[in-house]
Protein chains: 2
Amino acid sequence: MSVAAQQPPQDAAVLELLHRYRFERPVHVTRPTMPSREDYQRSLARLWETGWLTNDGEFHQELGAGLARYLGVEHVSLCCNGTVALLIALHAFRITSGEVITTPFTFPATIHALYWNRIRPVFCDIDEKTFNLDPQRIEALIGPDTRAILPVHVFGHPCDVEAIQAIADKHGLHVIYDAAHAMGVRYGDASVLEHGDCSILSFHATKLFSTIEGGAIVSRSEVQRKRIDYLKNFGIEDEETVIGPGINGKMNEFQAAFGLLQLEMIEQEITRRRRLTEIYREGLRAVPGLRIQEDMPGVRHNYAYFPVLVDPERYGRSRDELHALLRQFNVHSRKYFHPLCSHYPFYSALPSAGRENLPVAERVAERVLCLPLYGTLGEDAVEGICAILAGLRSKPGEARA
Amino acid sequence: MSVAAQQPPQDAAVLELLHRYRFERPVHVTRPTMPSREDYQRSLARLWETGWLTNDGEFHQELGAGLARYLGVEHVSLCCNGTVALLIALHAFRITSGEVITTPFTFPATIHALYWNRIRPVFCDIDEKTFNLDPQRIEALIGPDTRAILPVHVFGHPCDVEAIQAIADKHGLHVIYDAAHAMGVRYGDASVLEHGDCSILSFHATKLFSTIEGGAIVSRSEVQRKRIDYLKNFGIEDEETVIGPGINGKMNEFQAAFGLLQLEMIEQEITRRRRLTEIYREGLRAVPGLRIQEDMPGVRHNYAYFPVLVDPERYGRSRDELHALLRQFNVHSRKYFHPLCSHYPFYSALPSAGRENLPVAERVAERVLCLPLYGTLGEDAVEGICAILAGLRSKPGEARA
């Protein structure tokens, strides 16, 4: 970050905007959705009665069943967090060596889960519009050691699941989806989680749907679900039988009880975020140099994030400059995902990590900024942020697109 | 288990005992220690105010500091569970290949954590009295691929830490202690956790001290603690810097708040269990064929478990038969640890897993039975269990030892 970006010039236009639009209290980029405390205390009372605090308790069972119903899927395995879910999912299919083709435009957990399973990530470039793996670039990366493809439904926008499956089928590869962002997303008539060999969800506190920490694996058959369920509980079949080398990936009852109450709120939360997203879109669509994502045909979105791409030429400011300026307005935005995973020191030496191989991902990571979005955010706050973003454009003389 | 063990003969003596001592309601082998629900609700109120549910929140910080104070150690890293703590600890020292010498007499997590780090376990026999690794048997198992020793303080009884350290020093090996049972145990003037390169604690609901699920790594220097702390949080240093391939091993605020209240109760819990242990010892010391563990000199025990060894010759019944009979009395005991980890199908083919190499462990696993023990268990219940165990001995004619 340049010095200029850290301390942006206080020109008259910015001062005028600050005067009009600066928020008195910080607007965070996200806030956890909280169920009613009274409801949660009622759930706890049950735990104090039974003393059953973890290990497939009644809230765990109810949440597993409730999620399956809500998502319209059959096989759900709850986990302590999304990263451990991904570790277990890879292990379930014995993807524990060789190479896996994946995206550099993701949270570090995606790539680290490969590392912990002794898999070398092979970075593949992404699509300019969806920010997801570009299927056209996958096949050239397949080699003798390739075991699987690990795509991410970035910001909940579905990957090109048909094209990816066709490649996987042609080459005999597994497909494990990192669907950490894709809770509740539907594609056509079905959950987007019903693609590939399995899908991983994250229920971290900052997610649309949360179990404080948490995650799940949505698998495609009873056989798979059973294998996953024993892998997450030490491989224990019964008191005297351990059938495989499992770890501890269990979700506890305090998490599951929290999730059950969240499940009652999720549709309201999505509706609320959709409304805020519409306001953002209306307010920003016409600002030259800011690119927003629109709904995709045939997709039921979850509106988990609101990313914009900042074109420094047309907007007149870089993403970093805008990020720093927004702070002055008490608006917290997030460079999500920046830097690319291919830039981390211990992956950057991989042949596939070279900047020249990932031009789209490099450009998106330099330009992306996620704006505040959560159910309890006010509509006026979103309107204010739009006004700030429109006002901060530093080429006011140029005609608007 | 034989049919006879499943349906023990209802001889007159047993019927008479059942008539006198059968418990109306099940006596579980353990029950979680619960803090006051009102106190926990007060902690939750704070979380509902701040919305800070995980990621090094204030309860997390308080519990880390509180545990360090209570244990008299400097460096504590909290984790989502003890198994993930062990995975991370091994990774922290780059013990991620080759062989590690360990005990077969442990919970599966100990060995599975090696497997997930691609380490081959080398099983070493145990000491007849402490059930811990027999230091005399370790050296013969060291070879060119040996990386570390992973001893377990079984039932909270300290290993022979000096002898183990001397061997490790001589051969340049790491020592990672599985101290899942050893919360609060002191050896000489210090915590038993201050031995080896680091120690792992488990705070699972069934443990003496619990954070619902949970665990911790006690390390020996600030440098180690920092490495562990980034490994448990995706290797994230700050918003834009990822310095290493970490996973998600975070303890959340709901767990930490629970743990803080438990910390206020732990001394009372240990005192209570010590009293119950004394009653067990008084009641069983003179029963021929039952062997109990006594306090070790210089050790401050935590009384986490009460194991007995059943000698089938002298007691007149096998451990399995006794376990099944106790069920008829509504007493739940546990064959802990049985079977040995070296018997699990995916480890049993290892050269070190042969029964002939592990005679003591084999014998202990065939004979051990953990009796009910938890703070809220009544003294009269323990006296009743002692009477049942004395009465069930089926060689009543023989002189008592």
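From a predicted model like this one, the values you see are computed outputs, not experimental measurements. (Residues numbered from 1 in each chain as written. Chains lettered and ligands numbered in written order. Predicted model: local features only at pLDDT ≥ 70, side-chain atom pairs only at ≥ 80, totals over all residues.)

Draft legend 1. Broad picture of the overall build of chain A. Helix and strand counts for chain A stand at 14 helices and 15 strands. Rg of the C-alpha trace for chain A: 22 Å, near the compact-globule value of 21 Å for 401 residues, within the 12% margin. Looking at the 401 residues of chain A, the share that counts as buried comes to 53%. Considering only intrachain contacts with a sequence separation of at least 6, the fraction spanning at least 24 residues in chain A is 71%. (Helix = DSSP H or I, 4+ residues; strand = E, 2+ residues; numbered from the N terminus. Rg over C-alpha atoms; globule rule 2.2 N^0.38 Å. Buried ≥ 20, exposed ≤ 12 C-beta atoms within 10 Å, placed from the backbone. Contact = placed C-beta atoms within 7 Å.)

Draft legend 2. Up close: the relation of the copies chain A and chain B. In screw terms, the move from chain A to chain B is a rotation of 180° and a rise of 0.0 Å along the axis, fitting with an RMSD of 0.0 Å. Within this description, the copies of the chain are treated as partners about a two-fold rotation axis. Residue by residue, 100% of the interface of chain A is reproduced at the interface of chain B, so both copies engage with the same surface. (Least-squares fit on C-alpha atoms with pLDDT ≥ 70 in both.)

Draft legend 3. Quick look at the sheet that holds strand E1 (residues 75-79) of chain B. Residue and element names in this part refer to chain B. With mixed pairing, 7 strands are arranged side by side in an open sheet as E1-E9-E8-E5-E4-E2-E3. In this open sheet, the two strands that pair with only one neighbour each are E1 and strand E3 (120-123). Each strand axis lies, on average, 25° off the axis of its neighbour in the sheet, ignoring direction. Of the strand pairs in this sheet, strand E8 (residues 198-202) and strand E9 (residues 215-219) are connected by 5 bridges, and their pairing is antiparallel. Among the inter-strand pairings, Cys 198 is bridged to a residue of E9, identified as Ser 219. Running over the sheet, helix H6 (residues 108-116) touches strand E2 (99-102), E3, strand E4 (146-150) and strand E5 (174-178) and is turned about 170° from E2. (Pairing = 2+ DSSP bridges. Axes fitted to C-alpha atoms, helices over the stretch in contact; angles between N-to-C directions.)

Draft legend 4. Structural view of the sheet that holds strand E7 (residues 190-191) of chain A. Residues and elements named next belong to chain A. With antiparallel pairing, the 3 strands of this open sheet are ordered in space as E7-E6-E13. Each end of this open sheet is capped by a strand with a single partner; those strands are E7 and strand E13 (299-300). Relative to E7, strand E6 (residues 186-187) runs antiparallel, the two being bridged by 2 bridges. Its bridge partner being in E7, Arg 186 is matched across the sheet by Ser 191.

Draft legend 5. Looking closely at the interface of chain A and chain B. On the side of chain B, 43 residues touch chain A, which itself brings 43 residues to the contact. Of all the secondary structure elements, the ones that give two or more residues to the side of chain A that touches chain B are helix H3 (37-50), helix H5 (82-92) and helix H6 (108-116) of chain A. When grouped by side-chain class, the residues that make up the side of chain A that touches chain B number 25 nonpolar, 12 polar and 6 charged. (Nonpolar A, V, L, I, M, F, W, Y, C, P; charged D, E, K, R; others polar.)

Draft legend 6. Just the pairing of strand E4 (residues 146-150) of chain A, in detail. Residue and element names in this part refer to chain A. For E4, the tally of buried residues reaches 4 of 5 residues, placing the bulk of the element in the interior. With 4 bridges connecting them, strand E2 (residues 99-102) and E4 associate as parallel partners. Residue pairing in the sheet places Thr 102 in a bridge with Leu 150 of E4. Bridge count for E4 against strand E5 (residues 174-178) is 2 bridges, and the pairing is parallel. From the neighbouring strand, Ala 148 faces E5, where its bridge partner is His 174. You can see the chain leave E4, run along helix H8 (residues 161-171) and come back into E5, and the turn it takes is right-handed. (Right-handed = clockwise from strand over helix to strand, strands pointing away.)

Draft legend 7. Representation of the domain arrangement of chain A within the structure. Residues and elements named next belong to chain A. With domains assigned, chain A is organised as domain 1 (3-33 + 265-392) and domain 2 (37-261). Measuring from the centre of the C-alpha atoms in domain 1 to the corresponding centre in domain 2 gives 27 Å. Contacts between the two partners involve 32 residues from domain 1 and, on the opposite side, 32 residues from domain 2. Those elements that place two or more of their residues in the side of domain 1 that touches domain 2 are helix H10 (253-284), E13 and helix H13 (359-367). Taken together, the residues of the side of domain 1 that touches domain 2 break down into 21 nonpolar, 9 polar and 2 charged. (Domains from an automatic or database assignment.)

Draft legend 8. Structural detail: the packing of helix H10 (residues 253-284) of chain B against helix H14 (residues 379-392) of chain B. Residue and element names in this part refer to chain B. Running from amino to carboxyl end, H10 crosses H14 at an angle of 25°, the nearest separation of the two axes being 9 Å. When the axes of H10 and H14 are compared, the pair comes out roughly parallel. Here H10 runs over H14; the crossing is right-handed. Contact residues: Leu 276, Ile 279, Tyr 280, Gly 283 and Leu 284 in H10; Glu 379, Val 382, Glu 383, Cys 386 and Leu 389 in H14. By residue class, the composition of the contact of H10 with H14 is 7 nonpolar, 1 polar and 2 charged. (Parallel < 35°, antiparallel > 145°, perpendicular 65-115°, else oblique. Left-handed = near helix turned anticlockwise from the far one by under 90°.)

Draft legend 9. Layout of helix H9 (residues 222-231) of chain B. Turning to H9 of chain B, its buried residues are Arg 225, Arg 227, Ile 228, Asp 229 and Leu 231 of chain B. Those residues of H9 of chain B hidden inside the fold are in contact with E1, helix H5 (82-92) and E9 of chain B.

Draft legend 10. Layout of the environment of Lys 335 of chain A. All names here are of chain A. Note that Lys 335 resides in the loop between helix H12 (319-328) and H13. Residue Lys 335 is classed as partly exposed on the basis of its 17 C-beta neighbours within 10 Å. As a C-alpha pair, Lys 335 and Leu 322 span 13 residues in sequence and 11 Å in three-dimensional space. If we ignore the near neighbours within four places in the chain, the residues touching Lys 335 are Arg 319, His 323, Val 368 and Leu 369.

Draft legend 11. Molecular detail of the confidence of the model for chain A. Residue and element names in this part refer to chain A. Mean pLDDT over chain A stands at 95; residues scoring 70 or higher make up 96%. pLDDT under 50 marks residues 1-6. Its contacts with residues more than four places away, or in other chains, come to 7 contacts. ipTM for the predicted complex: 0.92, alongside a pTM of 0.94. (pLDDT = per-residue confidence, 0-100.)

Draft legend 12. Highlighting the nonpolar core. In this structure, Ala 89 of chain A together with Ala 89 of chain B are the most contacted members of the largest nonpolar core, which totals 242 residues. Discounting chain neighbours no more than four positions away, the residues touching Ala 89 of chain B are Ile 176, Cys 198, Ile 200, Ile 217 and Ile 228 of chain B. (Core = buried A, V, L, I, M, F, W, Y, C linked by C-beta atoms within 7 Å.)

Draft legend 13. Expanded view of unusual backbone geometry. Backbone torsion omega between His 338 of chain A and Pro 339 of chain A reads -5°, so that peptide bond is classified as cis. If you trace the backbone, Pro 339 of chain A turns up in the loop between H12 and H13. Phi angles above zero are rare outside glycine, and Arg 94 of chain B is one such case at about 55°. In this fold, Arg 94 of chain B is placed in the loop between H5 and E2. For Arg 94 of chain B, a count of 10 C-beta atoms within 10 Å translates into the label exposed. Although it is not a glycine, Arg 118 of chain B adopts a positive phi angle of roughly 65°.

Draft legend 14. Molecular detail of the environment of Val 364 of chain A. All names here are of chain A. Counting through the fold element by element, Val 364 comes out in helix H13. Residues Val 364 and Glu 128, 236 residues apart in the sequence, show an inter-C-alpha distance of 7.4 Å. Those residues within four positions of Val 364 in sequence are excluded, and the remaining contacts are Phe 105, Ile 126, Phe 131 and Leu 309.

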